[in-house]
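Letter by letter, the chains look like this.
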Amino acid sequence: MAADLIDGKKLAADLRAEIAAGVAKLKAEKGVTPGLAVILVGDNPASVSYVTAKEKACAEAGMYSREIRLPAETPEADLLALIGELNADPAIHGILVQLPLPKGVSEKRVIDAIAAEKDVDGFTPVNVGKMLIGEECFLPCTPHGIVKLVQVTGMDLKGKHAVVIGRSNIVGKPVAVLLSRKDVNATVTMCHTGTKDLAAFTKTADVVVVAAGRPNTLTGDMLKPGAVVIDVGVNRVPDASKPKGYRLCGDADFASCSEVASAITPVPGGVGPMTITMLLWNTLEAACRAR
Ligand code: NAD
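Residues numbered from 1 in each chain as written. Predicted model: local features only at pLDDT ≥ 70, side-chain atom pairs only at ≥ 80, totals over all residues. Heavy atoms only, no water.

### Some words on the site of the ligand
The following threshold applies: Proximity criterion: a residue is near a molecule or strand once any of its heavy atoms comes within 4 Å of it. Any N or O atom pair separated by 3.5 Å or less is treated as a polar contact, with the protein-specific requirement of one donor-capable and one acceptor-capable atom, and with residues adjacent in sequence counted only for side-chain atom pairs. Computed with the Shrake-Rupley method and a 1.4 Å probe, the accessible areas treat only the protein chains shown as cover for residues. Three classes are used: nonpolar for Ala, Val, Leu, Ile, Met, Phe, Trp, Tyr, Cys and Pro, charged for Asp, Glu, Lys and Arg, and polar for all others, with Gly counted as polar.
Close to the ligand lie 22 residues, the nearest being R167, S168, H192, V234 and T275. One nitrogen or oxygen atom from the side chain of S168 is found 2.5 Å from an oxygen atom belonging to the ligand. The contact in question runs from an oxygen atom of the ligand to an N or O atom on the backbone of V234, over 3.0 Å. Relative to its unbound accessible area of 850 Å², the ligand is 72% covered by the protein chains. By residue class, the composition of the shell around the ligand is nine nonpolar, 11 polar and two charged.

Here it is as structure tokens:
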């Protein structure tokens, strides 16, 4: 079987067109332009490129974005004070702090400082708690995008078995929560480094979401024929033939998985574009709610 490619770029483009229309409507009807503040501390190259991509996406959607770049040695107190100012700034509807933060700065304290109504990443304990109990909240962007990618395959997840590999707070745990909520209704197994026989679980899965951060965590022989595979991993592997000396790959072995799966996301071009799209989605929602 040659799996269908789940085109994250196309789904993201469709949703971004919808978001841009929503932004235009909000501007025309209420005179409000959704505003996103993006804080980058330090100069981690991957973070710089993520932040640049987020700003470009904001501009394309007609949103206002304010990039705040701070040196790596910025004291935590200054960062917290800045977040306090942005919490009170009516032109800013969403605040994003690009992770990871430099050593010595507490990610927990920084994230906790973001007002829940501007937490468009969906990372604050208030939003995580609301997601867990099914209240209206900002859903975390990558997990929300993952659910949409599964749904675009046309698979009805009701009663299906979904295996999530990974239990991080930003991907694995929230994906497991979203897939098991009543609106999706899958039966979810969460696997992690403590799981004894990973393949025994994945072989019974209709959907596998792999977010382990390790290439080849999932191979074709671990899949049930026809399964849907969502590959969240972004790994740099050395490749002398590439100008940068590396190439990107996911956590699934694409060649063998695509022989067995019915549909699979590519890396890049799968989950990545959806993450930024759901950030725009949340920012528009925050601006709509603010009025
Ligand atoms: P993490 O390191 O915080 O968590 C990885 C999880 O995988 C852990 O819970 C661990 O228990 C589990 N794990 C690792 N190896 C395993 C194995 N062999 N078997 C079973 N479980 C295993 O990583 P994260 O932040 O959740 O990110 C995971 C991957 O997704 C990374 O490659 C990251 O770059 C990528 N990511 C991509 C996006 C995107 O937008 N495309 C967003 C977030 C994360």
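### A few points about the packing of helix α2 (residues 45-60) against helix α10 (residues 271-290)
So the rule is basically this: Every angle, taken between N-to-C directions, lies between 0 and 180 degrees, and every axis is a line fitted to C-alpha atoms, over only the stretch in contact when it is a helix. Put simply, DSSP marks the helices as runs of H or I at least four residues long and the strands as runs of E at least two long, and each gets a number from the N terminus on. An angle below 35 degrees is treated as roughly parallel, one above 145 as roughly antiparallel, one from 65 to 115 as roughly perpendicular, and anything else as oblique. Crossings are sorted by hand: turned counterclockwise from the far helix by less than a right angle, the near helix makes the crossing left-handed, and turned clockwise it makes it right-handed. Contact criterion: two residues are considered in contact whenever any of their non-hydrogen atoms come within 4.5 Å of each other.
Direction vectors running N to C along α2 and α10 enclose 50°, while the axes themselves pass 10 Å from each other. Judged by the angle between their axes, α2 and α10 are oblique. For the element pair α2 and α10, the recorded crossing hand is right-handed. The residues of α10 that touch α2, namely those facing A53, K54, A57 and C58, are I276, L279 and L280. For the contact of α2 with α10, the residue count by class is six nonpolar, no polar and one charged.

### A few points about α2
The condition is simple: Multiplying 1.5 Å by the helix residue count minus one yields the expected span of that helix. For every residue, the accessible area (1.4 Å probe, protein chains only) is compared with the maximum for its type, and the residue is labelled buried under 20%, exposed over 50%, or partly exposed between those bounds. Here the arc refers to the directions that run from the helix axis out to each C-beta atom.
If you check α2, its first and last C-alpha atoms are 23 Å apart, about what 16 residues at 1.5 Å a residue would give, namely 22 Å. Along α2, the residues that are buried comprise S47, V51, K54, E55, A57 and C58. Buried residues along α2 cover an arc of 160° about the axis, so they all sit on one side. Turned more than 90 degrees off the buried face of α2, the exposed positions are P45, K56, A59 and E60. Looking at the packing, one finds that the buried side of α2 touches α1 (8-30), β2 (35-41), β3 (64-70), β4 (94-97) and α10. The backbone nitrogen of A46 has a side-chain oxygen 2.9 Å away, supplied by the residue at the start of α2, namely N44.

### Section: the side chain of D251
So the rule is basically this: Lys and Arg are tallied as positive, Asp and Glu as negative. Neither His nor the chain termini are counted. When a carboxyl oxygen of Asp or Glu is within 4 Å of a side-chain nitrogen of Lys or Arg, the pair counts as a salt bridge.
Turning to its location among the elements, D251 is positioned in the loop between β10 (246-249) and α9 (254-260). Buried within the structure, D251 lacks any salt-bridge partner; its nearest side chain of opposite charge belongs to R214, at an N-O separation of 8.0 Å. Polar side-chain contacts of D251 include one of 2.8 Å to the side chain of N235. Once you skip the residues sitting within four places of it in the chain, D251 turns out to touch V210, A211, A212, G213, R214, P215, N216, T217, L218, D231, G233 and N235.

### A word on the pairing of strand β6 (residues 187-191)
To keep things clear, this is the line we draw: For two strands to be treated as a pair, DSSP must find at least two bridges joining them. Here, the term right-handed applies to a crossover whose path from the first strand over the helix to the second runs clockwise when the strands point away from the viewer.
As judged from the five bridges shared by strand β5 (residues 161-165) and β6, these two strands associate in the parallel manner. Looking at the pairing, A162 lines up with V188 of β6. The handedness of the β5 to β6 crossover, carried by helix α7 (residues 172-180), is right-handed.

### A word on the nonpolar core
The test is simple: Residues belong to one nonpolar core when they are buried, are Ala, Val, Leu, Ile, Met, Phe, Trp, Tyr or Cys, and are joined through side-chain atoms within 4.5 Å.
Among the nonpolar cores identified, the biggest contains 55 residues, and L179, V209 and I230 are the most heavily contacted of them. With nine residues, the top contributor of residues to this core is α10. Apart from the residues lying within four places of it in its own chain, the contact partners of L179 are V147, L157, A162, V164, V184, N185, A186, V188 and V209. In this structure, A205, L218, L223 and I264 belong to the second largest nonpolar core, which totals 19 residues.

### As for the side chain of T74
Summarising the element assignment, T74 is placed in the loop between β3 and α3 (76-87). Looking at T74, the relative accessible area reads 10%, which means it is buried. Those residues in contact with T74, other than ones at most four positions away along the chain, are V41, L79 and V105.

### Details of the packing of α1 against helix α6 (residues 141-152)
Packing of α1 against α6 leaves a shortest axis separation of 11 Å and a crossing angle of 105°. The pairing of α1 with α6 is recorded here as roughly perpendicular in orientation. Contact residues: G8, L11 and L15 in α1; K148, L149 and V152 in α6. Grouping the amino acids of the contact of α1 with α6 by side-chain chemistry returns four nonpolar, one polar and one charged.

Just geometry here; none of it tells us what the structure is for.
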